[in-house]
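Survey of secondary and tertiary structure
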Amino acid sequence: MPRTFDPAAVEARILRMWEEGGYFGAAAAEVEAGGDPYVIVIPPPNVTSVLHMGHGLNNTIQDVLIRWRRMRGRVTLWVPGTDHAGIATQNVVERRLAAEGRTRHDLGREAFVERVWEHVRVTGDRILGQLKAIGCSCDWTRARFTLDEGLSQAVREIFVRLYEDDLIYRGEYIINWCPRCLTALSNEEAEGAEAGGSLWHIRYPLAPGHGEAAAAARAAGAGAVNRLADGRWHLTVSTTRPETMLGDTGVAVNPADPRYGSLVGAAAELPLTGRTIPIVADRHVSAEFGTGMVKVTPAHDPNDFEIAARTGLEVLDVMTERAAMNENAPAAFRGLDRIDARRAVVEALAGEGLLAGRDDHDHAVPRCYRCDTVVEPRLSEQWFVRMKPLAEPALAASRDGAVTFAPGRWTRVYEQWMENIRDWCISRQLWWGHRIPVWYCGDCGAEMACRRDPTVCGACGSAAIEQDPDVLDTWFSSWLWPFSVFGWPEDNRDLRAFYPGHTLSTAPEILFFWVARMIMAGYHAMGDAPFARVYLHGTVRDIQGRKMSKSLGNGVDPLEVVERFGADALRFTVLAGAGVGADIRLDHEDLESAFAPGRNFVNKLWNAGRFALMSLGDEPIRPLAEVLEDLELEDRWILSRQQHAIRRVDEELEAFRMQGVAEVMRDFFRGEFADWYLESVKHRLRPGGAGREAARSVLVHVLDGICRLLHPMVPFVTEELWGLLPAAGGRKGPLIVARWPAADPALDDPRAEEAFGWLQDLVARVRAIRKEYRVGEGRQVSLRVTGGGRSRVLEGRGEMLGRLARIGSVEVGAPVAGATGASAVLRDGTGLFVPLEGVIDLDRERARAVREVGRLSGVLKGIEAKLANPDFTTRAPGAVVEREREKRESCKLQLTKWNEKLTSLGGLDR
RNA sequence: GGGCGCUUAGCUCAGUUGGUUCAGAGCGCCUGCCUUACAAGCAGGAGGUCGGCGGUUCGAAUCCGUCAGCGCCCA
């Protein structure tokens with residue numbers, strides 16, 4: 001066995017063993033036979049490129065949950081797969097084409113799609129390979145891709161069903177349009193980013209003949225209505241986007257605004273265009289904002305579009321799909337990009353004296369979530385899903401607890417989104433994705449949503465039919481994932497056995513995109529939520545707190561980490577850093593120290609195993625039950641501590657507290673087992689050592705349990721070690737399917753814990769004394785123990801004390817008068833004295849005593865003040881008061897000892 | 001504009017219903033040790049007025065209010 005754990009040497013072999021053994025898979029028959037299923041469907045990674053640390057974290061979390069349940073005997077199924085990621089993947093491939101100087105149009109639709117397939121076959125395999133490398137125990141035979149044949153059928157089925165139920169419709173509305181990707185986006189795909197901008201104030205001259213109305217408005221307090229230099233009346237509107245004024249078709253005021261009542265029905269001359277536009281009243285307009293008068297651009301603003309719908313204003317589209325001004329704009333602006341047009345419009349207005357001013361104005365500018373281009377609200381014909389009916393059961397699920405979120409604060413976020421749900425724009429003007437299953441008849445104009453490709457029009461029989469050219473939003477396939485992976489809409493055994501699933505672990509960024517919609521689809525298609533618990537983990541960030549991203553170059557490649565430090569090191573590090581839902585920071589420039597916590601821990605475990613294997617010998621190990629009568633204090637102590645650890649790990653895992661599991665196991669395995677238990681039994685494990693049999697049994701039993709408890713977090717090193725450990729009483733199969741430990745109350749031993757705790761305290765004091773007086777490591781000391789009722793614990797522990805603190809001999813009794821040495825006092829008042837002739841500095845020793853007396857006096861004073869307070873003794877719980885009393889006694893005892901010591905050293909003033 | 005989260009040791013973070021001897025871990029740092037499991041280790045140690053202020057309480061890192069800084073979500 002190598003001195004350090006060599007992940008590269010064992011991971012591949014163990015992975016093969018797991019896969020060949022079929023431990024990752026689950027069959028419907030197991031559930032049908034009465035098995036209790038536990039199912040997770042993976043959030044399918046995008047096939048755009050490779051996995052990053054965020055995936056590393058999320059998939060490690062899922063694997064921990066899966067392995068834990070598997071060891072508890074559940075029929076465990078983790079379904080893996082990948083997402084075609086429509087717009088994102090198309091963008092990646094288009095960028096590659098661009099590098100060759102070509103566009104997708106050069107290739108044509110069919111060749112382009114084939115080109116994307118080539119890309120995703122490579123990245124898809126690589127992604128699954130990465131998941132395997134970090135140890136994910138998915139059922140790889142079930143791997144799915146959202147564009148697979150079966151999943152495509154599911155997409156079609158749900159589309160047609162929703163269409164037939166009138167929950168899908170097509171219509172002309174203002175949608176979010178990316179002028180670079182040239183496609184519609186959903187509201188969720190348009191991400192608002194705060195940006196500094198300007199608010200321009202523009203004067204629109206009133207059309208002739210409305211002077212009286214203007215004067216009336218002016219009289220009613222309308223400061224925004226005034227006369228221009230040439231005497232004409234004008235009104236003032238404000239906008240952050242002056243270029244859209246070229247598409248204005250009206251001006252609106254609130255009908256209840258007393259200032260503008262006289263102007264409703266009047267008209268304004270739209271500058272630069274020669275058009276005259278009406279002034280209308282609409283309840284949407286806020287009288288408080290700006291001048292209380294707004295320009296209305298129905299084709300380029302969703303609110304204005306609605307105003308137009310209510311008031312009958314004309315809709316005039318003045319932009320091209322690339323957000324340049326089109327032929328509906330005045331000749332001077334035609335062809336200008338929206339940014340250039342803005343500048344030109346502002347200049348032109350200023351030139352005509354119609355620019356009233358400009359203020360700085362910060363506002364949210366929505367950007368394309370895939371290419372960051374500023375999104376343009378655009379009027380276009382798209383497909384939508386009517387969401388309100390779908391949201392109802394999904395909202396109820398959260399309210400009645402059928403679906404819960406961790407951390408719980410996401411519940412409100414989810415519910416608020418559901419309560420304010422808006423229709424979902426699902427058509428995309430892309431080539432990569434599920435084609436919309438709708439055909440239009442060129443002869444009779446019929447529109448048909450079809451489960452199978454039609455050859456003729458269902459209405460008139462004409463063969464002149466054409467499929468809708470658009471594809472569906474990528475999330476329109478993802479939302480079906482929890483049941484489409486099992487073959488829905490076919491009603492089969494898998495679906496019945498494994499739906500609904502149990503836990504979903506994912507990033508909060510896709511709560512609306514995906515989680516919420518999966519719940520809606522689950523209820524609509526299956527009548528049940530796809531999972532009961534949603535864990536929303538944190539974000540992996542760099543050391544400066546920035547999200548890891550390719551463009552910043554601050555990403556960490558999970559494969560590089562696996563190669564350098566091992567999968568277990570990666571897993572333990574991210575888990576130990578993962579508070580519930582909290583972000584994780586990793587230093588991408590110093591992977592060595594970033595992953596040291598995991599690597600060091602794994603290595604420590606490996607070496608504890610090495611030690612065990614080297615000291616156990618070949619003789620059979622007796623089961624713990626057979627040596628219970630022979631257990632020593634340290635045996636009973638570590639067994640009792642193990643029961644605590646088992647209970648804690650279960651609690652932590654149940655609550656998704658991965659960091660808590662890591663902490664419990666660090667404390668138990670490292671802080672107690674390795675640092676104390678192993679050191680305490682080394683002498684017993686020597687050939688012929690007294691109590692060897694019991695020590696071997698306990699050692700194997702506890703280490704075996706440690707491997708089991710740690711297996712979900714660090715599966716490779718535990719599997720390897722466990723396989724090498726001799727088994728007490730035989731065992732079947734590998735660790736991955738070994739039984740999860742259950743706490744055994746018969747092994748709880750509070751008295752052993754107390755006694756061993758006293759011993760630990762004693763050892764720590766002696767070690768501290770040795771350090772204080774720089775007693776060399778090689779030198780043994782003797783120890784004199786005075787008072788306290790515990791000194792019997794020391795009997796027969798000479799070798800153990802020798803190893804733990806180089807204590808050569810122990811005597812029990814009163815201090816020897818006149819001896820030179822260092823003292824200490826344990827909490828129970830036990831006095832310790834370490835004779836150190838020659839090295840003792842009396843002044844230093846006196847200072848130690850004074851320091852201790854001071855500290856203890858302070859503590860005692862606090863306790864006594866507390867106990868003297870009747871409010872405390874009457875209001876605090878009895879147990880708390882009792883504890884204070886015990887503390888008081890302990891302090892008094894210790895003080896007495898230290899004062900005696902001081903006296904023997906000649907008192908304070910020497 | 002509305003909402004949420006965070007602020008504890010040099011760094012990254014725990015601290016589970018308010019209550020052990022005036023706050024813990026990992027990494028880093030200091031000192032001493034290659035003690036035949038482990039130097040990726042062991043032992044000892046330094047380092048924090050728990051963001052500021054105010055309040056509730058016998059008692060506050062923990063509950064409430066407020067201010068400041070940082071981050072996120074929605075409009």
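In the block above lies the structure referred to throughout.
Residues numbered from 1 in each chain as written. Chains lettered and ligands numbered in written order. Predicted model: local features only at pLDDT ≥ 70, side-chain atom pairs only at ≥ 80, totals over all residues. Heavy atoms only, no water.

Details of the protein's contact with RNA strand B
Inspection of the region around RNA strand B gives 50 residues, with Arg422, Gln659, Arg875, Lys887 and Ser890 positioned closest. Of all atoms in RNA strand B that approach within 4 Å of the protein, 66% are sugar or phosphate atoms. At 3.1 Å from a sugar or linking oxygen of RNA strand B is found a side-chain nitrogen or oxygen belonging to glutamate 663. Here glutamate 679 contributes a side-chain N or O atom positioned 3.2 Å from a base nitrogen of RNA strand B. Breaking the surface near RNA strand B down by element, the ones donating at least two residues are α20 (596-616), α23 (658-685), α26 (750-772), α28 (842-868), α29 (870-875) and α30 (878-904). (Near = heavy atom within 4 Å. Polar contact = N/O pair within 3.5 Å; in protein donor to acceptor, adjacent residues only side chain to side chain. Helix = DSSP H or I, 4+ residues; strand = E, 2+ residues; numbered from the N terminus.)

Quick look at the nonpolar core
Core analysis: the biggest nonpolar cluster contains 210 residues, and Phe476 and Phe673 have the highest contact counts within it. No other element matches α23, which puts 13 residues into this core. Among residues more than four places away in sequence, those in contact with phenylalanine 673 are Ala608, Ile638, Phe668, Leu678, Leu699, Val702, Leu703 and Ile706. Counting 37 residues, the second largest nonpolar core, distinct from the first, contains Ala213, Leu235, Leu246 and Ala329. (Core = buried A, V, L, I, M, F, W, Y, C linked by side-chain atoms within 4.5 Å. Buried < 20%, exposed > 50% of the residue type's maximum accessible area, 1.4 Å probe, protein only. Contact = heavy atoms within 4.5 Å.)

Digging into the packing of helix α3 (residues 53-71) against helix α22 (residues 633-654)
As a packed pair, α3 and α22 sit with axes 11 Å apart at the nearest point and diverge in direction by 130°. By the angle between their directions, the pair α3 and α22 is classed as oblique. Pair α3 / α22 crosses with left-handed handedness. Taken together, the residues of α22 that come into contact with α3 (itself represented by Val64, Leu65, Trp68 and Arg69) are Asp650, Leu653 and Glu654. A breakdown of the residues in the contact of α3 with α22 according to their chemical character gives four nonpolar, no polar and three charged. (Axes fitted to C-alpha atoms, helices over the stretch in contact; angles between N-to-C directions. Parallel < 35°, antiparallel > 145°, perpendicular 65-115°, else oblique. Left-handed = near helix turned anticlockwise from the far one by under 90°. Nonpolar A, V, L, I, M, F, W, Y, C, P; charged D, E, K, R; others polar.)

With respect to the packing of aromatic side chains
If you walk through the whole model with that rule in mind, you get 31 aromatic pairs. A ring pair is formed by phenylalanine 159 and tyrosine 163, whose centres lie 6.4 Å apart and whose planes are at 15°; its orientation type is stacked. One end of the pair is phenylalanine 159 and the other is tyrosine 163, both in helix α7 (residues 149-164) and four residues apart, which spans about a single turn. Of the residues examined, phenylalanine 159 reaches a relative accessible area of 0% and is grouped as buried. Arranged with centres 4.0 Å apart and planes meeting at 20°, the rings of tryptophan 637 and phenylalanine 756 form a pair that is stacked. With tryptophan 637 in helix α22 and phenylalanine 756 in helix α26, this residue pair connects regions lying 119 residues apart in the sequence. (Phe/Tyr/Trp six-rings, centres within 6.5 Å; stacked < 30°, edge-to-face > 60°.)

Some thoughts on the sheet that holds strand β8 (residues 226-227)
Taken together, the four strands give an open sheet; going across it, the order is β8-β9-β7-β14, and neighbouring strands pair in antiparallel fashion. A strand with exactly one partner marks an edge of an open sheet, and here the two such strands are β8 and β14 (355-368). By the bridge criterion, 13 bridges tie strand β7 (residues 190-205) to β14 in an arrangement that is antiparallel. Counterpart to isoleucine 202 in the pairing with β14 is leucine 355. (Pairing = 2+ DSSP bridges.)

Some points on the environment of tryptophan 481
Inspection of the secondary structure assignment puts tryptophan 481 in helix α14 (residues 481-484). The class of tryptophan 481 is buried, set by a relative accessible area of 0%. Sequence separation between tryptophan 481 and alanine 154 is 327 residues, and the spatial gap between their C-alpha atoms is 9.3 Å.

With respect to the pairing of strand β9 (residues 233-239)
Where burial is concerned, most of β9 is hidden: seven out of the seven residues are buried. Both faces of β9 are covered, namely the face carrying Trp233, Leu235, Val237 and Thr239 and the face carrying His234, Thr236 and Ser238. Judged from the six bridges that link them, β7 and β9 form a sheet pairing that is antiparallel. Across the sheet, proline 205 pairs through a bridge with histidine 234, a residue of β9. As paired elements, β8 and β9 share two bridges and run antiparallel to each other. Each residue of the ladder has a partner; that of arginine 227, found in β9, is tryptophan 233. In this antiparallel pair of consecutive strands, β8 and β9, the connection spans five residues, and glycine 231 shows a positive phi of 95°.

Some words on the side chain of glutamine 467
Note on placement: glutamine 467 falls in strand β21 (residues 465-467). By relative accessible area, glutamine 467 is classed as buried at 17%.

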